[in-house]
Amino acid sequence: MSLSILNFCAGSCRLRILVFVTAVFFVFGAVRAGDEDFYDAQVLRTIEITFPGNNFWAQLDQVSLVDDQYLTGDMTVDGIVYEGVGVRWRGNTSQRNAGEKRSFKIAVDHTDSSLDIYGYQTIKLNNAAGDPSFLREALYSQTCKEYGPAPTANHVKLVLNGQNWGVYVNVQQFNKDFLDQWFDSTKGNRWKANSGRGTGGGNNGGGGRPPRPPRPPRPGQNVQPVPAPPGGVVQPNGGGAGQGLPPLGNCGGGGFLTRGDGALTWLGANQNAYQGAYELKSDDQEDPWGDLIAFCDAFNNSSDAEFEGLVHDILDVDATLWQIALENAFADDDGYIHKGLDYTIYQDLSFGRFHTIQHDGNETFRCINGWRVLPEIDNPNRPVLVRLMAIPRLRARYVAHLRTLIEESFNWDAMGPIATDMHDLIAEEVELDTKKLFSTSAFYANLESASGNVPGIRQFVEERREFLLAHPELQETPPNILSAELQLEPDGAGGFYPPVAGEEVGIRVEVEAGPVVDSVIVYHSG
C-alpha cells in the first residue's frame, strides 16, 4: 500500500485518520519459484557454448544480419547441457567498436520449444559498452525491480568453443517469461519504442478493425512531434575509456529531446506512422496497432478535464511515476525522458491499461547535474511527462516517489555495499577478460571515481543525490507516516478476512506531529 500526502500547511498536529476507499487489489507475481535464481546478483555463473567447427565467428556474422536467424550450438550451465540453442549478436550502438566483445542473444528454445533454463527461454548478454565498472546496468535493474515491473540483471562469464570471452551483464528479456513473473496474464500487446525507425513486426494488426476516428487535438497541442535536427548523436563508448562520451558529469546531446515519434505522441490515425516508430513484439492479439493508436489518441487529445478522469483507466500511472523517478535519479540516457525511445510498452489485457517499462540501463550513472527534478514537463515531445505532471496530485506523488528513492536506495550507504559485492564477485574474471572494452585499472577505479569521461559509481551517486536534494521540490519536510493499516474483519480464528476486490476497505493512517496535513489521499500502487 502506497500513500500520498498532499496540501501541507504551517503548524503541527497529530492525526489519526480513518479513510474509506474502494480498492481493487492487483497482485504482481512473486519471484520465480525454484532452487535457483538465474539472475541472483550474488552468483557468477559460467555459460559455455560449443559450436561445430571453428569458423563460428564468421557464421555468427552472417546469421546476425538477418532478423530471427541463429547459429545453433550446445550450451552448458551449472553442469547441465542444453542442446540446440540458438546464438546471434544483439544490440546496436553497443556493437560499434566492440571488437570481439559483442553482445549476444541466446534462444534456449531454438530447436526445442519446451527447453528453458531456470524458467527462462531467452538469455540476453550485454558487453557493458561505455561502462568500465561493468556495474551500471545490473545496479540500475536491481534497483528498478524493487519499485515495480522491470527486467533484472546480474553477471555471467561466457566461454565460446573453449575460449574465455569474459564477463557479461546478463539482462532479463522482455518477453512472456517476464510478463508471467509480474502480471496475472502473459497475453497482451508488447512493443519496443525504437529510434524512430521501428520495424512493425508482430501480426501487423491481423487485418482487424480500422482505427477509430481520432478526437480533434486540444487547442495549442503539438499534434506531430518536432522533427529532429541532423547530426550530433552521442554514442556509448566502444573502444576505450571516455571515447565518444560527453564531458564528465554532463548529459549527451544529439537532438533526442526534439524527437517524439516513439514517445507515445499522437502521430495521426495512419497505422504506418506507428509501425515506423515502434516494434511489435507480440503476435497473439487481433488489432494491436489499433489499440496503440487509440491509446495515443486518448492520452494526447483528450481535454484536461477528460484526461484526469480517464488516465488511470488507460495507464498504470503509479508504476509510470516510479519509472520516471528512477530514470531521472539514475540519469538513464537510454529511456523515455532523454530519448523518447529504448523503453518497452505492455498493454495488460486483464485491465486494459498500458505500462511503460525500462529496457536499457547501460547508459545510466552518467549525467550528474544536467537533469532537473521535474524533467521535460514543458516538452511537447514527451506527453507522458507533460500531461501527468500537469495534475498537481500526480506531480506531488512523483516528487514523493523521488524522495523515497533517494532515502531508501539512491545513497551510498544503501547502494555502496551492493555495488562493492558485485564488483568483488566479478573482479577476478574481469582481470582475466582479454576482450573487455576498458582496462583493468579503469574497472577498479570506476567503482569510486571517474575513468576518462565516465563518472565513478560512488561519485555519481553522491554528487547526483546532492544535486537533486538541493532542488526546492525536495526541500519541503514531508510528514512522517507512522502506520497505515487495513481495517479488516476478524475471522474468529485469530486472523482476518482478506479484502475483496471492488468492495470498500477501511484504512487507518497515523501521521506523526510535524507539518499540518490538510488531507490524506490513499491509493493502491497497482
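Residues numbered from 1 in each chain as written. Predicted model: local features only at pLDDT ≥ 70, side-chain atom pairs only at ≥ 80, totals over all residues. Heavy atoms only, no water.

Let's talk about the overall build of the chain
Check the secondary structure of the chain and you find 12 helices and 17 strands. Taken across its 526 residues, the chain has 53% of its residues classed as buried. Residue pairs in contact within the chain that sit at least 24 positions apart in sequence constitute 74% of those at least 6 positions apart. Counting only carbon and sulfur atoms, one obtains 48% of the accessible surface of the chain, whose full area is about 21600 Å². (Helix = DSSP H or I, 4+ residues; strand = E, 2+ residues; numbered from the N terminus. Buried < 20%, exposed > 50% of the residue type's maximum accessible area, 1.4 Å probe, protein only. Contact = heavy atoms within 4.5 Å. Areas by Shrake-Rupley, 256 points an atom, 1.4 Å probe, with all protein chains shown as cover.)

Brief notes about unusual backbone geometry
The backbone of Asp78 sits at a positive phi, close to 55°, despite the residue not being glycine. Position of Asp78 among the secondary structure elements: in the loop between β4 (71–77) and β5 (80–90).

Focus on the pairing of strand β7 (residues 122–126)
The buried fraction of β7 is high, at five of five residues. Burial of β7 is two-sided: the residues Thr122, Lys124 and Asn126 facing one way and the residues Ile123 and Leu125 facing the other way are all buried. Of the strand pairs in this sheet, strand β6 (residues 103–107) and β7 are connected by four bridges, and their pairing is antiparallel. Following the sheet pairing, Ala107 is matched in β7 by Thr122. Pairing geometry for β7 and strand β9 (residues 163–171), over three bridges, is antiparallel. Bridge pairing in β9 links Lys124 to Val171. (Pairing = 2+ DSSP bridges.)

Quick word on the nonpolar core
By size, the foremost hydrophobic cluster in this structure holds 81 residues, and its most contacted members are Leu264, Tyr274, Tyr278, Leu292, Leu315, Phe365 and Tyr398. Residue contributions to this core peak at eight residues, all from helix α7 (residues 317–330). Those residues in contact with Leu264 that lie beyond four places of it in its chain are Tyr278, Leu292, Phe295, Cys296, Asn300, Tyr343, Ile345, Thr356, Pro383 and Val384. Among the nonpolar cores identified, the runner-up in size contains 28 residues, and Tyr39, Ile47, Leu60 and Phe104 belong to it. (Core = buried A, V, L, I, M, F, W, Y, C linked by side-chain atoms within 4.5 Å.)

A word on the packing of aromatic side chains
The tally for this structure, following the rule as stated, stands at 26 aromatic pairs. Taking 6.3 Å as the distance between ring centres and 75° as the angle between the ring planes, the aromatic pair formed by Phe134 and Phe443 counts as edge-to-face. Of the two residues, Phe134 is situated in the loop between β7 and α2 (136–144) and Phe443 in helix α11 (residues 440–446); the sequence distance between them amounts to 309 residues. Residue class for Phe134 comes out buried when judged on its relative accessible area of 4%. The class for Phe443 is buried, based on a relative accessible area of 0%. When the ring of Phe330 is compared with that of Phe410, the centres are 5.0 Å apart and the planes differ by 75°; the resulting orientation is edge-to-face. With Phe330 in helix α7 and Phe410 in the loop between α9 (392–408) and α10 (412–432), this pair connects stretches of sequence that are 80 residues apart. Here Phe330 and Phe410 have matching classes, each one buried. Three or more aromatic residues link up through ring pairs in this structure, and these residues are Trp191, Trp289, Phe295, Phe299, Phe307 and Phe354. The positively charged end of Arg88 is found above the aromatic ring belonging to Tyr70, 5.8 Å away from the centroid. (Phe/Tyr/Trp six-rings, centres within 6.5 Å; stacked < 30°, edge-to-face > 60°. Lys NZ or Arg CZ within 6 Å of the ring centre and 35° of its normal.)

Notes on the pairing of strand β3 (residues 45–50)
Going residue by residue along β3, you find Arg45, Ile47 and Ile49 tucked away on one face and Thr46, Glu48 and Thr50 left uncovered on the opposite face. Here β3 runs beside strand β8 (residues 153–160); their pairing, made up of five bridges, is parallel. Across the sheet, Ile49 pairs through a bridge with Leu160, a residue of β8. Sheet analysis places β3 next to β4, joined by four bridges and oriented antiparallel. For Glu48, the partnering residue across the bridge sits in β4 and is Thr76.

Observations regarding the side chain of Gln358
Along the polypeptide, Gln358 turns up in strand β14 (residues 353–358). A polar contact is formed between the side chain of Gln358 and the backbone nitrogen of Asp360, at a distance of 3.3 Å. Once you skip the residues sitting within four places of it in the chain, Gln358 turns out to touch Tyr140, Ser141, Cys144, Ala150, Pro151, Gln323 and Thr344. (Polar contact = N/O pair within 3.5 Å; in protein donor to acceptor, adjacent residues only side chain to side chain.)

Comments concerning the pattern of salt bridges
Summed over the entire model, instances satisfying the criterion amount to 18 salt bridges. One salt bridge in this structure joins Glu146 and Lys145, with 3.6 Å as the shortest N-O distance. On the basis of relative accessible area, Lys145 is assigned to the partly exposed category, the value being 24%. One salt bridge connects Arg387 with Asp304, and the closest N-O pair in it is separated by 2.9 Å. Taken together, the residues Arg387 in helix α8 (residues 383–389) and Asp304 in helix α6 (residues 304–314) connect sequence positions 83 residues apart. Residue Arg387 is classed as buried on the basis of its relative accessible area of 5%. Salt bridges sharing common partners tie together Asp333, Asp334, Lys339 and Glu363. (Salt bridge = Lys/Arg side-chain N within 4 Å of Asp/Glu carboxyl O.)

Structural notes on α7
The terminal C-alpha atoms of α7 lie 20 Å apart, and with 14 residues this matches the ideal 20 Å at 1.5 Å per residue to within 8%. Counting buried positions over the 14 residues of α7 gives 14, a clear majority of the element. Ala331 occupies a position one or two residues after α7 and carries a positive phi of about 50°. (Expected span 1.5 Å × (residues − 1).)

Regarding the sheet that holds β6
Pairing within the closed barrel is mixed, and its seven strands lie in the order β3-β4-β5-β6-β7-β9-β8. Across the sheet, the mean angle from the axis of one strand to that of its neighbour is 40°, orientation sign disregarded. Strands β4, β5, β6, β8 and β9 of the sheet are contacted by helix α1 (residues 56–63), whose axis makes an angle of about 60° with β5. Seen against the sheet, α2 touches β7, β8 and β9 and runs at an angle of roughly 140° to β8. (Axes fitted to C-alpha atoms, helices over the stretch in contact; angles between N-to-C directions.)

Quick notes on empty space enclosed by the protein
Unfilled space is identified by rolling a water-sized probe across the atoms. According to the stated counting rule, one finds four cavities of 30 Å³ or more in the structure shown. Space inside the largest cavity adds up to approximately 130 Å³. For the largest cavity, the lining is made up of 16 residues, of which Gly148, Pro149, Ala319, Gln323 and Thr356 are closest to its centre. Sorting elements by how many residues they give to the lining of the largest cavity places α7 first, with five residues. (1 Å grid on protein atoms, 1.4 Å probe; cavity = no way out; pocket = protein on both sides within 12 Å on 5 of 7 lines; lining within 4 Å. Points joined across faces, edges and corners; volume = space filled by probe spheres on them.)

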